[in-house]
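# Structural overview for review
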Amino acid sequence: MDLNTITEVARPADRAALGPWRDGDAFLAGGTWLFSEPQRHLRRLIDLTALGWPALRVTPAGLSLAATCPVATLAAFEPPADWRSGGLIGDCCRAFLASFKIWNVATVGGNICASLPAGPMVSLTVALEGSCLIWSPDGSERRVASEAFTRGPFDTALAPGEILRAIDLPLEALRRPYAFRRQSLTPLGRSAILLIGARTAAGGFVLTVTASTRRPVVLRFEVMPGAAALAARIAAGIPEDLWYDDIHGLPDWRAHMTREFAEEIRLELGGARP
Ligand SMILES: Cc1cc2nc3c(=O)[nH]c(=O)nc-3n(C[C@H](O)[C@H](O)[C@H](O)COP(=O)(O)OP(=O)(O)OC[C@H]3O[C@@H](n4cnc5c(N)ncnc54)[C@H](O)[C@@H]3O)c2cc1C
């Protein structure tokens, strides 16, 4: 839709050109959420795509994603064969059920900053132990773990004027074997439950619960738990008011399916049968 309160669109070519943050500003990435509903409080858009960041880079430390990396570019990326979690990238991109038009402009960072429970880039980067690089308006930088970046729907660790610059995914996490489960109410609906499990190099087990909860929940185990221990940790780690409730699914159903999928993942990754 037209955002008819906007009077200016800034297209900074580098960080120095960003200028001071003002009330009524918003950063523009792909614009697929920003232009999807009225934004009457906004006056100026600052187009981050003009900064020209390389979309993604494989480094000795892992994978570095620019916040402006389009989802379609990430989906087309072919991970090295020894990244046993490489398939998770495609799984999460496909969990973003939108047309090719949306896929080609929606960005990884825009999805994370929109901070919806059904945000598949949130699921991906939290499960892969991502580290968010944040640019602050005073010119400094800071880092926040992806797990702590997303606090709830439309609530992130960003202060006003801060920019999510990049998300770095470490090699150890990319090399983990993983299992993935996703469910939505309708065949082409938004994710209502999205669980990712992984075995760590040290023999541990990590379960990342997203979509069914208001914010990501990461449950870590030093060794693969039994069925009862896993169920107990889910009960202890996810209080009643953390199950998400919206048009895409009732909290009781999300909680039930989370428990079911968690146990399936535990078995798939080598957990003992009860
Ligand atoms: C058909 C359709 C289906 C969709 N399905 C889903 C879905 O399944 N799951 C889901 O989560 N969303 C979904 N969306 C919503 C939205 O398209 C996605 O969240 C998308 O990834 C947003 O990315 P964007 O680059 O377009 O962000 P934008 O719309 O440009 O920005 C989103 C928000 O993040 C801020 N922002 C963007 N980038 C940065 C940055 N680097 N630093 C700081 N702030 C930033 C913006 O100011 C804005 O508040 C869907 C939308 C459509 C139209």
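Residues numbered from 1 in each chain as written. Predicted model: local features only at pLDDT ≥ 70, side-chain atom pairs only at ≥ 80, totals over all residues. Heavy atoms only, no water.

## Thoughts on the nonpolar core
Inclusion rule: To form a nonpolar core, buried Ala, Val, Leu, Ile, Met, Phe, Trp, Tyr and Cys residues must be joined to one another through side-chain atoms within 4.5 Å. A simple rule labels every residue: compare its accessible area, found with a 1.4 Å probe on the protein chains alone, to the largest value its type can have, and call it buried under 20%, exposed over 50%, or partly exposed in between. Elements are defined by DSSP. Helices are runs of H or I of four residues or more, strands are runs of E of two residues or more, and each kind is numbered from the N terminus. A domain assignment, automatic or from a database, supplies the domain bounds used here. Contacts were defined at the residue level, with two residues in contact if any of their heavy atoms lie within 4.5 Å.
Judged by nonpolar contacts, the single largest core of 51 residues is most densely connected at Leu 74 and Leu 88. Here the element with the most residues in this core is helix H5 (residues 120-127); it accounts for 5 residues. In this structure, this core is formed jointly by two domains, domain 2 (56-172) and domain 3 (176-268), each of which donates at least three residues. Sequence-distant contacts of Leu 88, that is, excluding residues within four places in its chain, are made with Leu 124, Ala 127, Leu 128, Tyr 178, Phe 180 and Ile 196. Leu 195, Ile 238, Phe 261 and Ala 262 belong to the second largest nonpolar core, which has 22 residues in total.

## Observations concerning the domain arrangement of the chain
With domains assigned, the chain is organised as domain 1 (8-45), domain 2 (56-172) and domain 3 (176-268). Computed from C-alpha atoms alone, the centre-to-centre distance between domain 1 and domain 3 is 35 Å.

## Let's talk about the sheet that holds strand E5 (residues 62-66)
What counts, and what does not: The rule for pairing is simple: two strands pair if DSSP sees at least two bridges between them. Note on geometry: axes are lines fitted to C-alpha atoms, helical ones only across the stretch in contact, with angles between N-to-C directions running from 0 to 180 degrees.
Taken together, 5 strands build an open sheet; the order of strands is E4-E5-E10-E6-E7 and the sheet is antiparallel. Unpaired on one side and paired on the other, strand E4 (56-59) and strand E7 (141-145) mark the two borders of the sheet. For this sheet, the mean inter-axis angle between neighbouring strands, taken without regard to orientation, is 20°. Two elements, strand E6 (residues 131-135) and strand E10 (residues 163-170), share 5 bridges in a ladder whose sense is antiparallel. Looking at E10, one finds that Ile 134 is bridged to Leu 164.

## Details of the pattern of salt bridges
When charged atoms on two side chains of opposite charge get close, those side chains can pair. Just so we agree on the cut-off: By convention in these notes, a salt bridge is any Lys or Arg side-chain nitrogen within 4 Å of a carboxyl oxygen on Asp or Glu.
One pass over the full model with this rule turns up 16 salt bridges. The salt bridge involving Asp 47 is made with Arg 11; its shortest N-O contact spans 3.5 Å. Residue Asp 47 is found in strand E3 (residues 44-47), and its partner Arg 11 is found in the loop between strand E1 (8-10) and strand E2 (25-28); the two are separated by 36 residues along the sequence. Of the residues examined, Asp 47 reaches a relative accessible area of 8% and is grouped as buried. Between Arg 254 and Asp 246 there is a salt bridge; the shortest N-O distance is 2.4 Å. Here Asp 246 falls in the partly exposed class, since its relative accessible area comes to 24%.

## A word on the site of the ligand
Which entries qualify depends on this criterion: Whether a residue is near a molecule or strand depends on its heavy atoms: if one lies within 4 Å, it is near. Polar contacts, as counted here, are pairs of nitrogen or oxygen atoms within 3.5 Å of one another; within protein the pair requires one atom able to donate a hydrogen and one able to accept it, and residues that are adjacent in sequence qualify only if both atoms are side-chain atoms. Three categories are distinguished: nonpolar for Ala, Val, Leu, Ile, Met, Phe, Trp, Tyr, Cys and Pro, charged for Asp, Glu, Lys and Arg, and polar for the others, with Gly belonging to the last.
Lining the immediate environment of the ligand, one finds 28 residues, of which Phe 27, Gly 30, Gly 31, Thr 32 and Thr 107 sit closest. For the ligand, an oxygen atom lies 2.5 Å from a polar atom in the backbone of Phe 27. A distance of 3.3 Å separates a nitrogen atom of the ligand from a polar side-chain atom of Arg 190. Breaking the shell around the ligand down by element, the ones donating at least two residues are helix H4 (108-114) and E10. Broken down by element, the shell around the ligand gets its largest block of residues, 4 residues, from H4. Broken down by class, the residue content of the shell around the ligand amounts to 19 nonpolar, 7 polar and 2 charged. Residue contributions to the shell around the ligand reach at least three from each of two domains, namely domain 1 (8-45) and domain 2 (56-172).

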